[in-house]
Amino acid sequence: MTNNNYKAIVIGGSAGSFSVVSKILSKLNPDFQIPIILCLHRLKYIRSGLVEGLNLKSKINVIEPLDKEKIKSNTAYLAPSNYHLFIEFDNTFSLSTEESYNHSRPSIDYTLSSAAHTFREKCVGILLTGANKDGAKGIKDIFDKKGYTIVQDPETCDIKTMPQAALRLFQPHKIMSPDEISAFLNSL
Amino acid sequence: MAVSLGINDIKELTSLMHDKLGYPFHELSTSFMKRRLSLFFDKLFIKTKERFIEQLDNELFLKSVLYNIPVETTELFRDPGFWRVLNNKFLSSNLLAPDSVWFPDVSSGEELYSFQILNKGINHNNETTIYYNHPSNARLDEIKTGIINNKNIETHDNNFKRLELESEFSDFCHIHNGSTLINEILLEHLVPCKGWFLNTPNEPVSMIIFRNTMLYLSKPLQEKVAQVMYETLKPGGILTIGIKEPLPENIIDKMEIVDEQERIFKKPGSLV
């Protein structure tokens, strides 16, 4: 069951999820207030382009946060390349260059797990298409802390490994297509 | 099963570590210390907080803590865009020929080696004294040997290629007994400084490279170290921080922005 008091939407996916995320952001209501935190696997050498690409279609502003930046409403935040992204109890981000996890930096598990611990039942976790299992444990942590969880329907994924890894761990609240995810977010 | 440390546990342990070792562990970011301590617990098979506290009387254990607490950089030329700008805009254009550079947290040495490779490109190594800090004496000694992690050679090489220089990464290192070592000429004029980032060199410096360590400091400690760095920089000196780190508020108005994207700042004045 959803509640209408969510403090963050946290979305994980691998590099191939860019088009799905772009589609979701393009269909948001422009006054969508809940902060959206995106952790997508990305090439570490490519620092620019991704935010700009998402902003082309997004209905809300997309930025890469600096370390210790406050989380604000009506904004989407993208984890910077080659940094882990954590969410702190004082509603700020913290970045880290600690070692890669699941061969990934940023690690989706790290971002989702820290969101689970910070926001608990006031968190929506969404796991999209992806090529490895990073993110599966993180979204389960959100589920375990009573947050609301959505896994992209593997049948709509380019690569099913990530959602399937999550579905092997637990039964999320919803399995949805990208269009259904957009509609769900706008209903919050 | 992993030990779960609460905020009060972290406060207690970091305060004890501070008392024992003198470094401001209690002023590092709590979430960072939670991850770091969990790592120690796992690596050293420590099952309880009490056992960790007992170990604080063990000299070898303390040495291991000091060796492992800074986050390893692991890559030479991490953020190639930063190094490219530093090289093209400053070093090779003769805008900056530093006589002294300070690395307040040298971690695993890659930033120091990266700088020395670029400094060699302008044949300035003999003119530059490099000061570097690490809380572990063993690590300070290790860095002077120039050993780099073999498993990341491909990453170092790829980063180097992105600098778009005429030389090859392999021009600056060699293999010895199966290890990859930075060439000796790049390891001259290195002056290890005991202590961590608050322990300054004995003289003002013309450049400070302190990238991605402030991520792990609380805001008050960030401001403390920022003030120390500001006072240690010569007028006209350059400060570089990580590309995702904001400059602490207490020195924002005292520094000039040289390159905002690459986080390069200058202390007002002239080096000459």
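Residues numbered from 1 in each chain as written. Chains lettered and ligands numbered in written order. Predicted model: local features only at pLDDT ≥ 70, side-chain atom pairs only at ≥ 80, totals over all residues. Heavy atoms only, no water.

Looking at an unreviewed UniProt entry, one finds chain B named Chemotaxis methyl-accepting protein methylase and attributed to Breznakibacter xylanolyticus.

Going by an unreviewed UniProt entry, chain A carries the name protein-glutamate methylesterase and comes from Breznakibacter xylanolyticus.

Asks: I keep staring at the overall build of chain A and nothing clicks. Help me out?
Replies: When helices and strands are counted, chain A shows six helices and nine strands. The globule rule puts the C-alpha radius of gyration for 188 residues at 16 Å, and the 14 Å found for chain A is close to it. Its C-alpha atoms give chain A principal-axis dimensions of roughly 35 × 35 × 30 Å. Taking as baseline every contact in chain A between residues at least 6 positions apart, the subset at least 24 positions apart corresponds to 69%. Within the structure as shown, chain A displays about 7700 Å² of accessible surface, and the carbon and sulfur contribution to it stands at 51%. When the 22 basic and 19 acidic side-chain charges of chain A are each reduced to a single mean position, those positions are 1 Å apart. (Helix = DSSP H or I, 4+ residues; strand = E, 2+ residues; numbered from the N terminus. Rg over C-alpha atoms; globule rule 2.2 N^0.38 Å. Contact = heavy atoms within 4.5 Å. Areas by Shrake-Rupley, 256 points an atom, 1.4 Å probe, with all protein chains shown as cover. Lys, Arg positive; Asp, Glu negative; His and termini not counted. Charge placed at Lys NZ, Arg CZ, Asp CG, Glu CD.)

Asks: I'm lost on the nonpolar core in this one. Help?
Replies: Nonpolar side chains tend toward joint burial in soluble globular proteins. All names here are of chain B. Counting 74 residues, the largest nonpolar core has F25, L37 and F52 as its most contacted members. Shared between two domains, this core takes at least three residues from each, and those domains are domain 1 (7–68) and domain 2 (80–266). When near neighbours in sequence (up to four residues on either side) are disregarded, F52 contacts L13, M17, L37, F40, F41, I46 and F61. Of all hydrophobic cores here, the second largest spans 35 residues; its members include L76, L91, F115 and Y132. (Core = buried A, V, L, I, M, F, W, Y, C linked by side-chain atoms within 4.5 Å. Buried < 20%, exposed > 50% of the residue type's maximum accessible area, 1.4 Å probe, protein only. Domains from an automatic or database assignment.)

Asks: Explain the sheet that holds strand 6 (residues 190–194) of chain B to me, please; I cannot follow it from the model alone.
Replies: Sheet strands line up and pair through hydrogen bonds in the backbone, either parallel or antiparallel. All names here are of chain B. Sheet architecture is open: seven strands sit in the order 6-2-1-7-8-10-9, paired in mixed fashion. Strand pairing shows two members of the sheet lacking a second neighbour, strand 6 and strand 9 (256–259), which therefore form its edges. For this sheet, the mean inter-axis angle between neighbouring strands, taken without regard to orientation, is 25 degrees. Where strand 2 (residues 129–134) lies against strand 6, five bridges are found, and the strand directions are parallel. (Pairing = 2+ DSSP bridges. Axes fitted to C-alpha atoms, helices over the stretch in contact; angles between N-to-C directions.)

Asks: Any chance you could explain unusual backbone geometry here in plain terms?
Replies: Glycine aside, residues mostly have negative phi, and peptide bonds are mostly found in the trans state. Residue and element names in this part refer to chain A. That bond from R105 to P106 is cis: its omega, 15 degrees, falls within 30 degrees of zero. With phi around 70 degrees, N82 is a residue other than glycine that occupies positive phi space. Its location among the elements puts N82 in the loop between strand 4 (75–78) and strand 5 (84–87).

Asks: What am I meant to see in the pairing of strand 1 (residues 8–13) of chain A here?
Replies: On any regular strand, side chains alternate: one points to one face of the sheet, the next to the other face. Residues and elements named next belong to chain A. Burial within strand 1 is extensive, with six of its six residues counted as buried. Both strand 1 and strand 7 (residues 123–127) contribute to a ladder of five bridges, which runs parallel. Counterpart to G12 in the pairing with strand 7 is L127. Here five bridges tie strand 1 to strand 2 (residues 36–40), and the two strands are oriented parallel to one another. By the bridge assignment, I11 is partnered in strand 2 with L38. Handedness of the strand 1-helix 1 (residues 18–26)-strand 2 crossover: right-handed. (Right-handed = clockwise from strand over helix to strand, strands pointing away.)

Asks: Can you help me understand the side chain of E88 of chain A in this one?
Replies: Here E88 of chain A shows up in the loop between strand 5 and strand 6 (93–96). Buried charge without a salt bridge: E88 of chain A, with R35 of chain B as the nearest opposite-charge side chain at an N-O distance of 4.9 Å. Within the structure, E88 of chain A has its side chain in polar contact with the side chain of S94 of chain A (distance 2.5 Å). (Salt bridge = Lys/Arg side-chain N within 4 Å of Asp/Glu carboxyl O. Polar contact = N/O pair within 3.5 Å; in protein donor to acceptor, adjacent residues only side chain to side chain.)

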